Amino acid sequence: MKTLRILRIAIGLTCMTALFVALWSCSDGQFFTSQLETQSTTPPTETEELAETELAETTTKPETILPPGTILSSSPALKEKLGQFPESTTFAPIMADGTGKPEMQYPEYWKELPPGTFYDSESQLRMNNYALGTDGRVPTLAKKPMVLGRMFSYRTTAAPGQLPADLGYVHIDEVWVIAKPEVTPSAPDEDRPGCGAMLVKLPDEEKELPLPLKHTDVNGSIAGYIATVHVTQQFHNPYDEKIEAVYVFPLPQNAAVNDFLMTIGDRTIRGIIRERKEAEQIYQQARRQGHVASLLTQERPNIFTQKVANIEPGKQIDVDIQYFNTLGYVDGWYEFVFPMVVGPRFNPPGSTEGVGAVAHGKAGISGQKTEVQYLKPGTRSGHDIALSVRIDAGVEIEQIECTSHAIRKQQDDREKMTVSIAPLDNIPNKDFVLRYKVAGDRVKSALMTHRDKNGGYFTLMLYPPESLRQVRRSPMEMIFVLDCSGSMNGKPIAKAKDAIRRALRKLEPGDSFQVIRFSNDASQLGPKPLEVTEENLRKALAYVDSLKGGGGTMMIEGIKAALDFPHDPKRFRLVSFMTDGFIGNEAQILAAVQEKLGNSRIFSFGVGSSVNRFLLDRMAKLGKGAVAYIGLNDDSTTAVDLFYDRISHPAMTDIDIQFGAMAVADLFPAKVPDLFVGRPIILTGRFQGNAPTEITVTGRVGGQMHDITIPVDPGRPNAMHEGIAAVWARKKIEVLAMQHMYNSDPDLPETIKQTALEYNLMSAYTAFVAVDSSRITEGDHGVTVAVPVPVPDGVRYDTTVQH
Amino acid sequence: MKATAATAILALAIALPLFGQQGQRYETVVPPVRFAPVHVVIDPAGKPLAAYQFELKAIAGQVKIVGVEGGQHDAFRTRPPYYDPQALAHDRIILAAYSTDKDLPTQATRIATIHLQITGTIQPEFELNLTVASDIDGEPIDATITLQKGESK
């Protein structure tokens, strides 16, 4: 028996061993390593960017930083609250007092935190950064003793089908932002960061020398509303040994980067688009073997890394990048923006895929995959920038202004103008923002096309009909939904209440209104919307005055209360959420909005210093409305006045577009938003057919159906633009990347990659690589030198850069 | 105890040779990688060459295109030829260029240099097909195309 038992055990072990070996064999010896590789080499997702806002003082002692997933609480209320987040949620609390002790009470914590400490990612990141900040962003009940983290992050992955399909078509550039912080330009100043002379020392080198990025030359041309921009970065090597230069830089987030040239002396080599990992391998192999090579990768849709290998002493290598993008347009003004420096980003504890902000020479201390090195105040590199934009508006240019830089203008004729940065304002430490206005009564919807072997592509800038300006809005049903959770307590709720008071006073006879509050539950002013009368307004103002912050953020209750009652067909229903949006179940909220929206429109006000823009932008988009952001030091009434100005004329809603003889497919956005006075929309798609035709736009204006007819000629030569296919493909990639955030479909990354490869476009999954194979430079591949940049104008180095 | 020890020894005796075989079987050899250019020459037979398109195919060896450079004549030197990204996404190399210069090449001239990554020890062999060559009016030219292998210096 004993022998039999031993034999059985032996056979069992043999079988297990054989199974192990079989697995190993089947996977070509890569069974385990491939798993690891999959995790470690997953390309970054297409993400939105963190706000370039002043960040927190991040000098918390390292030992007080608790690992992600730690929840330091014995409070049942907090545990219950945290339990409302999805299972995949991870929390990384850091104690506010830097000690990690869990006894701190909410009010003390709130007071101790410095202003501007926290902000949300305003992004579509898989990982959003939510913070417990000065405005009380606390995911729990405020009045109970609890553990308060200095910040927490969460990671949400909605179950398939949980998120409305339309969310896949929500894009930041389509979100109508009514109010946002103003950027005040300032003149160059010798004492400001970004000025002076930055000198570095190479290891074992005594000489002080300038840095490898010498100059950036930006050359843009605008035709209609499409910009074609060439960015030339001049790298040189002022050292005595070979170097690899690494430069992290920004481009507009809707830039369709589709060409890449590397110039060595009088030779120019066109870079090739490749799968990102493949391009990185090619670059590293070329670098190791001593070839001059360059690699362009995308870290975020608006952050890129340029590497140039084997720059020999005294030599210069230029890299030229071409991109196309559509201009913004609001209230008659086109806006061309060229970002010049990546702002310091905040990364939640535990994250490694972010963009770290570190002091020059402190590579690696942020622990992030991508790092930007910043110059200390009072120092600068020799890097300067020249920028020139030629505008061909097609109609008379009435006004032009630059809010960021001193400029020089040269008028070629009434429709054409060349604008360049004044030579004294050549420090690349702030975005270049150029706005121009064309003759108002001549602005018309415009179709631009491109045709190649794959067929036709178009973009259509669809302007609201002029007749809308003559029509007053129809009566509306205004629903205010005020977030009264603990996190809104204090200044945020005061700002929100100011906004509601102002908005109530601007209602007109014939309108009706309702005021709903929510925290742990929802309640409202009356059982149904009230008519606008003096008495009702008095009641409403008194009710608003009585509201206070406290409790949880059961936003779903607010949404139900706002959208779940019958719609008055005689009135246009606008729902205005006043919230900081600090919730973790965005997918659920957005799904509820989608489900219950009906004919309502959502015009939200994001209130506070660290608003969840991800949520509010998407609510506005799904709700076919707009969003305005009110900072803690902003005047709420200005935002409300702008809001009423926008809605003082009826929107054209329920828009349907017939493209006539153009057979249109793959249209983005798939769901056409409402047309408001002063705000055109841009559609892009593919088409077949070349004959002149008419595009008919039908929509509802104040209960009446209206048509707009736009004669178009897709074959008209001066309506053609070579960048349209790239703009379309870039939009498609953006849509797919957004879907990928919530959709675990494994085919999506492959589809994105294939689209990017076929259209020669940068993406999270593709990269440009260029190698000069004809020559091997002498010696080792040299030292890697990161190009440090100045912190953006107005941003504090001490509180934003790890040093 | 004895039974356990015996079991362990037996299992090891069976498993060890298998692990040994694994170690021998999966020794990986990284194929050599190098970079080298190939030069493409077009002889337009006395006609001014204004535009061309050709396809390059590796019929032996493993190559990847890692850069495209212009030619020696000024008309084709400053702007490198364009490649067809859709073809490249399907492992085909199709290059094309045009020039609107007045001074166009009429004799055999290097019109492009293709920078390649070559993997493995097999010497790559290529097939080169001139799709079209034309003059400034778009009229086809009866041109010939040839390839010259280059090496890194």
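Above this text is the structure in question.
The following refers to the structure shown. (Residues numbered from 1 in each chain as written. Chains lettered and ligands numbered in written order. Predicted model: local features only at pLDDT ≥ 70, side-chain atom pairs only at ≥ 80, totals over all residues. Heavy atoms only, no water.)

Helices and strands together make up the secondary structure of chain B, namely three helices and eight strands. Out of the 153 residues belonging to chain B, those deemed buried represent 43%. If you take every contact in chain B between residues at least 6 apart in sequence, the share linking residues at least 24 apart comes to 84%. In the structure as shown, chain B presents an accessible area of about 8400 Å², 55% of it carried by carbon and sulfur atoms. (Helix = DSSP H or I, 4+ residues; strand = E, 2+ residues; numbered from the N terminus. Buried < 20%, exposed > 50% of the residue type's maximum accessible area, 1.4 Å probe, protein only. Contact = heavy atoms within 4.5 Å. Areas by Shrake-Rupley, 256 points an atom, 1.4 Å probe, with all protein chains shown as cover.)

Residues and elements named next belong to chain B. Mapped onto the secondary structure, I111 falls in strand 6 (residues 109–119). Linking I111 and G71, residues 40 residues apart in sequence, is a C-alpha distance of 3.9 Å. I111 has contacts with V40, V41, I42, L49, Y52, F54, E69, G70, G71 and F76, leaving out every residue within four places of it along the chain.

On to the packing of aromatic side chains. Residue and element names in this part refer to chain B. For the coordinates displayed, the defined rule picks out 16 aromatic pairs over all chains. With centroids separated by 5.9 Å and ring planes inclined at 20 degrees, the aromatic side chains of Y52 and F54 adopt a geometry described as stacked. Given a relative accessible area of 2%, Y52 falls into the buried group. Among the residues examined, F54 registers a relative accessible area of 0% and is labelled buried. Relative to F76, the ring of Y52 lies with its centre 5.5 Å away and its plane at 55 degrees, an arrangement referred to as tilted. (Phe/Tyr/Trp six-rings, centres within 6.5 Å; stacked < 30°, edge-to-face > 60°.)

Attention now moves to the side chain of S512 of chain A. By the element assignment, S512 of chain A lies in strand 25 (residues 512–518). The contacts of S512 of chain A, once residues within four sequence positions are left out, are M476, E477, M478, P529, L530, E531, V532 and R571 of chain A.

Looking now at the packing of helix 7 (residues 491–505) of chain A against helix 8 (residues 534–546) of chain A. Residues and elements named next belong to chain A. The N-to-C vectors of helix 7 and helix 8 enclose an angle of 175 degrees; their axes lie 10 Å apart at closest approach. As far as their axial angle goes, helix 8 and helix 7 are roughly antiparallel. For the pair helix 7 and helix 8, contact is made by K497, I500, R501, L504 and R505 and by L537, A540, L541, V544 and D545, respectively. Looking at side-chain class alone, the contact of helix 7 with helix 8 contains six nonpolar, no polar and four charged residues. (Axes fitted to C-alpha atoms, helices over the stretch in contact; angles between N-to-C directions. Parallel < 35°, antiparallel > 145°, perpendicular 65-115°, else oblique. Nonpolar A, V, L, I, M, F, W, Y, C, P; charged D, E, K, R; others polar.)

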